[in-house]
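# Breakdown of the fold
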Amino acid sequence: MTTDREENYSYWLRLHRLPPHFPLLGGAVAEPPSEPFLRDGGEEMRRLIDQVLGGFRSMVLVPPGQGATTLLNEMIRRLRASEYRLFDLFVPIDVKVLAKADYLNEELERMIREDIFRQFARQGWVRALKGTRKQLLLACFDMANEREMFDLEYGLSRGEPAAETLLLEAASRHEGQLAKLIRHLHTNLGISTALCFDFPHDIGDDAVLETFREVKWFDEQEKGDDFPPSALRETYFLTRSQANLARTVWAVNFNEFEIRSFNTGEVFSILNHHFRPAMGGQSYSLLNALSDEFVALVWEDNQPLACMSRHLKDKMLDVLAAIPRGKIPYQLTPEVKP
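Now for a look at the structure at hand. (Residues numbered from 1 in each chain as written. Predicted model: local features only at pLDDT ≥ 70, side-chain atom pairs only at ≥ 80, totals over all residues. Heavy atoms only, no water.)

### Some thoughts on the overall build of the chain
Counting secondary structure elements, the chain contains 15 helices and seven strands. In terms of overall dimensions, the chain has a C-alpha envelope of 80 × 45 × 40 Å along the principal axes. Within the span of the chain, comprising 338 residues, buried residues form 48% of the whole. Long-range contacts, defined as pairs at least 24 residues apart, comprise 76% of the intrachain contacts of the chain with a sequence gap of at least 6. Summed over all atoms, the accessible surface of the chain reaches about 16800 Å², with 48% contributed by carbon and sulfur. (Helix = DSSP H or I, 4+ residues; strand = E, 2+ residues; numbered from the N terminus. Buried < 20%, exposed > 50% of the residue type's maximum accessible area, 1.4 Å probe, protein only. Contact = heavy atoms within 4.5 Å. Areas by Shrake-Rupley, 256 points an atom, 1.4 Å probe, with all protein chains shown as cover.)

### Remarks on helix α2 (residues 43–53)
Listed in full, the buried residues belonging to α2 are Glu44, Met45, Leu48, Ile49 and Val52. Viewed end-on, α2 has its buried residues packed into an arc of 135°, placing them on one side of the element. Tucked into the core, α2 has its buried residues touching β1 (57–61), α3 (68–80), β4 (232–238) and β5 (255–258). (Arc of directions from axis to C-beta.)

### So, the packing of helix α5 (residues 104–122) against helix α11 (residues 205–222)
Two numbers describe how α5 lies on α11: the axes approach to 10 Å, and their chain directions differ by 65°. Taken as axis vectors, α5 and α11 run roughly perpendicular relative to one another. The interaxial crossing formed by α5 with α11 has right-handed handedness. Taken together, the residues of α11 that come into contact with α5 (itself represented by Leu104, Asn105 and Leu108) are Glu210, Thr211, Glu214 and Val215. Partitioning the contact of α5 with α11 into residue classes produces three nonpolar, two polar and two charged. (Axes fitted to C-alpha atoms, helices over the stretch in contact; angles between N-to-C directions. Parallel < 35°, antiparallel > 145°, perpendicular 65-115°, else oblique. Left-handed = near helix turned anticlockwise from the far one by under 90°. Nonpolar A, V, L, I, M, F, W, Y, C, P; charged D, E, K, R; others polar.)

### Regarding the pattern of salt bridges
A full pass over the atoms with the stated rule returns 22 salt bridges. A salt bridge links glutamate 256 to arginine 240, with the shortest nitrogen-to-oxygen separation between them at 3.3 Å. On the criterion of sequence distance, the pair formed by glutamate 256 in strand β5 and arginine 240 in helix α12 (residues 240–247) is long-range, its members being 16 residues apart. Its relative accessible area of 35% is what places arginine 240 among the partly exposed residues. On the basis of relative accessibility, which here comes to 33%, the residue glutamate 256 falls in the partly exposed class. Beyond isolated ion pairs, a larger network of salt bridges with shared partners links Arg57, Asp219, Lys223 and Glu234. (Salt bridge = Lys/Arg side-chain N within 4 Å of Asp/Glu carboxyl O.)

### Things to note about the side chain of histidine 274
Along the chain, histidine 274 turns up in helix α13 (residues 264–274). A polar contact of 2.9 Å, which involves the side chain of histidine 274, links it to the backbone oxygen of isoleucine 270. (Polar contact = N/O pair within 3.5 Å; in protein donor to acceptor, adjacent residues only side chain to side chain.)

### A closer look at the sheet that holds strand β3 (residues 192–198)
Overall, parallel pairing links the five strands, which are arranged β2-β3-β4-β1-β5 in an open sheet. With partners counted over all chains shown, the strands left at the sheet margins are β2 (88–94) and β5, one partner each. Ignoring strand direction, the axes of neighbouring strands in this sheet form an average angle of 20°. Both β2 and β3 contribute to a ladder of seven bridges, which runs parallel. What sits directly across from aspartate 88, in β3, is serine 192. (Pairing = 2+ DSSP bridges.)

Printed below as a string of structure tokens:
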């Protein structure tokens, strides 16, 4: 008996109240949950944070397409948390966005400068600083008192165009003076800056090379001999091949922290966090709807999760193509049962 595998697939999804893009992770959520990416009860993330805080220039080596952005965002979230009590600014830099600029050096400087001022305005730094340091922070914005900073914070939270304009104007007054600004923040306000670069696994080699050339130029030409090492920290989230490429243009000492590839059980756990079947208003484990044997069939070491999820869908469609309409099993397995 012939059947339409796409129709069977659609029926199986409806049966379990799963979204049409299942199991493709790219269409799941804009910001995936961090829990399935944190292994060993979060111990791996704690070791990563220790590594980053213990050096001024670190490379976090992540298998291609296996959650680098999620790990970076979770690292920054934890470092900004009050439990760490750090006087550091953590600036995330999306290299995919950076690479689209006509002039990468100018765009990188602008991204860092504007993010620094945005954090000052939105994270209540004026409340944390006291005395002279508070006045110096207000001077960076050309403000006379805290009231103006509170008004700016409120306006930004409401998305007011006037507040955004004021913020960008304050940041633009330091255009072309990034090294001077970072040094000033560290020397006079006691605040260090940490740059966190996120390199997509599929970005071109030219973007990797150009980014590291620019950071090298900043380090060797713009900082100056009196630049305090503790004023700036750099962390690069990238693949092993990207790291090897970067070292061809900048042969300095990078502290490395390597994230291992997800195993089959961890891949299924990630799918389970993204997709929860439902019945009667309650959700349940994906394992009730889909055998984990499918993941074993598509798993490859250092393979992007998105690729594995596409292959998983292909395997499911192959199975469903051999099942007559009206006989779709509740739990789908790689073995077609009569």
